[in-house]
Amino acid sequence: MKGLALLAAFLAVQNAVAATMAGARPIENLPRAHATHEKATSEPYDYIIVGGGLAGCLLAERLSQNGSKRILVLEAGRADYNSLKIRIPAGILRLFKSEYDWQYESGGEPNCEGRNIYLQRGFVLGGSSCTNVCLHHRGSAQDYDDWKVPGWTAADVLPVFKASQKDTTGASAEYHGTGGEWTMSHVRYQNPLSKQFIRVGKAAGLGVNTDFNNWSKPQTGVGRFHVSETNGERCSGATAFLSKAINRKNVVIQTGCMARRIDFESKTAKGVTYNLMGDDTCKNFEASLKPGGEVLVTSGAIASPQLLMCSGIGPAEHLESHGIPVVHDNPNVGLNLQDHPAAVVSFRTPKKGVSVTSKLRLFGKTNPIPVLQWLIFKRGLLTSTGCDHGGFVRTTAAKTNQPDLQLRFLAAKALGPDGMTTFTQLRSSKSHEDGYSIQSIACRARSQGRVRLASSNTMVKPSIEAGYFSDPNDLATLREGIKLGRQLCNHPE
Ligand SMILES: Cc1cc2nc3c(=O)[nH]c(=O)nc-3n(C[C@H](O)[C@H](O)[C@H](O)COP(=O)(O)OP(=O)(O)OC[C@H]3O[C@@H](n4cnc5c(N)ncnc54)[C@H](O)[C@@H]3O)c2cc1C
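Everything numeric in this text was worked out from a predicted model, so none of it was measured.

## Brief notes about helix α3 (residues 54–64)
Where burial is concerned, most of α3 is hidden: 10 out of the 11 residues are buried. Within α3 the residues assigned to the buried category are Leu54, Ala55, Gly56, Cys57, Leu58, Leu59, Ala60, Glu61, Leu63 and Ser64.

## Considering the pairing of strand β19 (residues 389–393)
β19 sits mainly inside the fold: five of its five residues count as buried. By the alternation rule, side chains of β19 split into His389, Gly391 and Val393 and Gly390 and Phe392, which are all buried. As paired strands, strand β7 (residues 221–224) and β19 are joined by four bridges and run antiparallel to one another. Following the sheet pairing, Gly221 is matched in β19 by Phe392. Relative to strand β20 (residues 405–410), β19 runs antiparallel, the two sharing five bridges. Its bridge partner being in β20, Gly390 is matched across the sheet by Arg408.

## A word on the packing of α3 against helix α8 (residues 237–245)
Following both chains from N to C, one finds α3 and α8 inclined at 30 degrees, their axes separated by 8 Å at the closest point. Classified by the angle their axes make, α3 and α8 are roughly parallel. The element α3 and its partner α8 pack so that their crossing is left-handed. Facing Leu54, Cys57, Leu58, Ala60, Glu61 and Ser64 of α3, the residues of α8 in contact are Gly237, Ala238, Phe241, Leu242, Lys244 and Ala245.

## So, the site of the ligand
Surveying the vicinity of the ligand reveals 31 residues, the closest of which are Gly51, Gly53, Gly127, Asn132 and Ala303. Going through the elements one at a time, α3, β11 (257–265) and α9 (300–310) are the ones with two or more residues in the shell around the ligand. Along the lines of polarity and charge, the residues of the shell around the ligand split into 13 nonpolar, 16 polar and two charged.

## Things to note about the sheet that holds β19
One open sheet accounts for five strands, arranged β7-β19-β20-β21-β16; its pairing is antiparallel. Whereas interior strands pair on both sides, the edge strands pair on one side only; in this sheet they are β7 and β16 (342–348). The mean angle between the axes of side-by-side strands here comes to 20 degrees, regardless of whether they run parallel or antiparallel. Here β16 runs beside strand β21 (residues 435–442); their pairing, made up of seven bridges, is antiparallel. Residue pairing across strands places Ala343 opposite Ser440, the latter belonging to β21.

## Looking at the sheet that holds strand β1 (residues 45–50)
The strands making up a sheet are joined through hydrogen bonds of the backbone, oriented either antiparallel or parallel. Across the sheet, six strands lie side by side as β10-β2-β1-β13-β12-β11; this open sheet has mixed pairing. One side of each edge strand has no neighbouring strand; the edge strands of this open sheet are β10 (251–254) and β11. Averaged over all adjacent pairs, the angle separating strand axes in this sheet is 30 degrees, with direction ignored. Pairing of β1 with strand β13 (residues 285–297), which is carried by five bridges, proceeds in the parallel orientation. In the sheet register, Ile48 faces β13, and the bridge partner there is Val295.

Basis of the calculations
Residue positions are given per chain, counted from 1 along the sequence in the order it is written. Two thresholds apply to this predicted model, a pLDDT of at least 70 for residue-level local features and 80 or more for giving and counting side-chain atom pairs, whereas whole-chain, interface and lining totals are computed over all residues. Around each residue's C-beta, the other C-beta atoms within 10 Å are counted; 20 or more make the residue buried, 12 or fewer make it exposed, and counts in between make it partly exposed. All C-beta atoms are placed from the backbone. Secondary structure elements are taken from DSSP: a helix is a run of H or I of four residues or more, a strand is a run of E of two residues or more, and numbering for both begins at the N terminus. When DSSP finds two or more bridges between two strands, those strands count as paired. To obtain an axis, a line is fitted to C-alpha atoms, over the contacting stretch when the element is a helix, and the angle between two such axes runs from 0 to 180 degrees between their N-to-C directions. Working rule for angles: under 35 degrees goes down as roughly parallel, over 145 as roughly antiparallel, 65 to 115 as roughly perpendicular, anything else as oblique. The hand of a helix crossing depends on one turn: near helix anticlockwise from the far one by less than a right angle means left-handed, and clockwise means right-handed. Working definition of a contact: two residues with C-beta atoms, positioned from the backbone, lying within 7 Å. As a rule, any residue with its backbone-derived C-beta atom within 6 Å of a molecule or strand is reported as near that molecule or strand. Under the convention adopted here, Pro, Cys and the residues Ala, Val, Leu, Ile, Met, Phe, Trp and Tyr are nonpolar, Asp, Glu, Lys and Arg are charged, and Gly plus all remaining residues are polar.

Shown next as structure tokens:
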């Protein structure tokens with residue numbers, strides 16, 4: 001009987017855990033975010049921010065600080081950035097192809113055997129910072145200097161990064177700030193296999209790097225990546241920045257509102273027309289600007305060019321083919337899309353129970369122990385998105401003096417040929433062989449793609465040509481990454 005009672009208690013905890021993970025915290029818990037959308041149309045604004053993602057959240061906070069400007073944030077996605085699925089770093093497993101994801105696909109990639117490639121993007125306040133893998137990387141100083149854009153050199157951007165950063169790791173004060181909102185931490189969980197990866201990388205001569213954001217030294221080496229987490233919870237743009245602005249009287253945040261187009265009088269923006277998500281009639285609503293007001297387009301790398309084109313800014317011929325009146329002919333809108341392609345090598349290990357996947361499951365269900373550990377102490381396995389150990393390598397394929405390859409180590413055996421498939425399949429797999437994987441990423445990809453309209457309606461996803469491997473050098477980098485991954489996984493250490 002005692003055994004039965006214990007089993008019943010165990011199943012109850014499991015069910016509670018499953019329910020908590022499945023059901024997001026109700027949207028009603030965010031009072032201002034859930035206000036009726038008509039508020040957006042009631043009075044004119046100084047700034048209309050289109051897209052409440054990472055950039056939108058930061059801008060909303062900074063621009064509303066002194067209270068003198070009226071700000072509207074229009075977000076197409078959900079309001080519940082406080083959902084447990086988002087707050088728990090390992091909840092990432094439940095975010096791919098979920099209600100928090102736009103679930104884009106690039107179409108028929110010519111250099112990937114015509115396959116469509118799934119592209120996850122955040123559909124919630126906080127945007128992709130709520131659905132990404134929490135790695136705290138700002139690139140290298142040279143990345144900015146190489147742009148050669150006035151105002152965007154490394155020396156220009158460093159103080160801005162530092163001002164918004166809250167470093168909790170004690171890293172060099174020259175490159176890190178402690179007084180901002182965007183938390184940088186050490187990940188609170190290290191799998192033994194991840195520690196072994198660092199030992200192997202060191203033994204293989206890759207060098208060790210304890211701070212990939214310290215611009216005084218090369219970015220190369222293996223180590224623990226810093227993470228954007230606060231006390232074991234994801235730190236998103238919404239928690240870091242928007243949560244400060246959310247109760248200010250001069251800020252209105254509207255979710256479920258899809259910007260349809262920026263409205264112009266001649267070439268001056270006058271407001272934004274939006275539709276309500278889920279409204280099949282696509283009834284138009286208008287939010288207007290005060291004289292001299294501005295629309296800030298922060299809809300992400302895919303939806304920003306889409307919105308501009310739907311508003312009449314882009315290649316004239318393309319816009320006309322969709323019946324969109326041209327406001328400003330600019331052939332570059334939608335061009336220069338860059339994404340980093342990745343490939344995975346994966347190995348089985350005879351050591352039973354060592355992989356994170358084994359630790360997450362108990363009798364084929366979610367193991368309640370790590371969940372309770374997170375809920376009570378904000379520690380353990382769930383504080384990790386799984387890929388926070390890795391490194392940067394300059395391979396023989398590199399065309400500059402910068403690393404061209406990022407390695408991400410996962411203490412889990414891959415279920416498919418790429419990381420995305422593994423992440424999406426993992427949540428439904430009942431048991432999982434122990435193993436480990438190394439994902440190679442062409443981190444300074446040279447290939448370029450483009451975003452084009454499939455419709456003049458922003459409710460219709462645009463056509464995305466990611467252009468993976470249009471520059472053969474990216475393939476050469478991944479080939480080196482796969483070779484290196486195999487070497488590391490077979491290393492005698
Ligand atoms: C799978 C994945 C993993 C990543 N991992 C990392 C990582 O570990 N570390 C890191 O630093 N970066 C990572 N990134 C990148 C990082 O998340 C993005 O660089 C960052 O979120 C971009 O900010 P953004 O504001 O430009 O766009 P987003 O944060 O994507 O925000 C855009 C917002 O606009 C909204 N929107 C779009 N269209 C409309 C419209 N028409 N009307 C209204 N709202 C609209 C969207 O719903 C979204 O909320 C990752 C990205 C992905 C997809």
